[in-house]
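# Structural features, examined
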Amino acid sequence: MDVEIGLKGQVREEVGRILNKLLADEHVLYIKTRNYHWNVVGPKFRTLHEFFEEQYKILAPIIDDIAERARAVGVLAAGSMATFTSDARLSEESGHPDADTMVRNLLADHESIVQQLRKDIKRVDDDLEDAGTADFLTGLMEQHEEQAWMLRALLEKPA
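Residues numbered from 1 in each chain as written. Predicted model: local features only at pLDDT ≥ 70, side-chain atom pairs only at ≥ 80, totals over all residues. Heavy atoms only, no water.

### Side note on the pattern of salt bridges
Opposite charge on two side chains makes pairing possible when the charged atoms of those side chains draw close. Enumeration over the complete set of coordinates arrives at 12 salt bridges. Salt-bridge contacts for Arg118 lead to Glu145; the nearest nitrogen and oxygen are separated by 2.5 Å. With Arg118 in helix 4 (residues 99-127) and Glu145 in helix 5 (residues 131-155), the pair connects residues that are 27 residues apart, well separated along the chain. Classification of Arg118 by relative accessible area gives partly exposed; the value is 46%. One network of salt bridges, with partners in common, ties together Glu14, Arg17, Arg123 and Asp127. (Salt bridge = Lys/Arg side-chain N within 4 Å of Asp/Glu carboxyl O. Helix = DSSP H or I, 4+ residues; strand = E, 2+ residues; numbered from the N terminus. Buried < 20%, exposed > 50% of the residue type's maximum accessible area, 1.4 Å probe, protein only.)

Structure, rendered in structure tokens:
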């Protein structure tokens, strides 16, 4: 069926590629956050165990929203772990670092997503003229900025 939303086929395909790359990054971040939730140890265990759970619960609907946005613009959403791991710009975590390293790693990933989203927003809005997806990505960027702020606060020393 034709998708008649004011975006040409090749534009929709490019928007879809951008969304599917983001979907892959979000999956890697989600799995890494779950891994840390399950495997954090030490004196900060309870605080971080609960905090990581809050974070992955925020990521789950983001993942769904990205896939649904891809479908709304008329492209298929990626849906396999093989695709996610090959398309992701973030790297998986194979080990179990100490608690502070976990926080630093998640912070770096959220900041990386924010930086990529800034580029994607500009591309989608300016080059592809898809204001809807640009607005959608802006909302996601704001959520990742907030999560990064919360992670950063865990690493700061009290005054």
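Okay, back to it.
### Examining helix 4
Over its 29 residues, helix 4 runs 41 Å from end to end, which matches the ideal 42 Å to within 8%, given 1.5 Å per residue. The backbone nitrogen of Asp100 has a side-chain oxygen 3.1 Å away, supplied by the residue at the start of helix 4, namely Asp98. (Expected span 1.5 Å × (residues − 1). Polar contact = N/O pair within 3.5 Å; in protein donor to acceptor, adjacent residues only side chain to side chain.)

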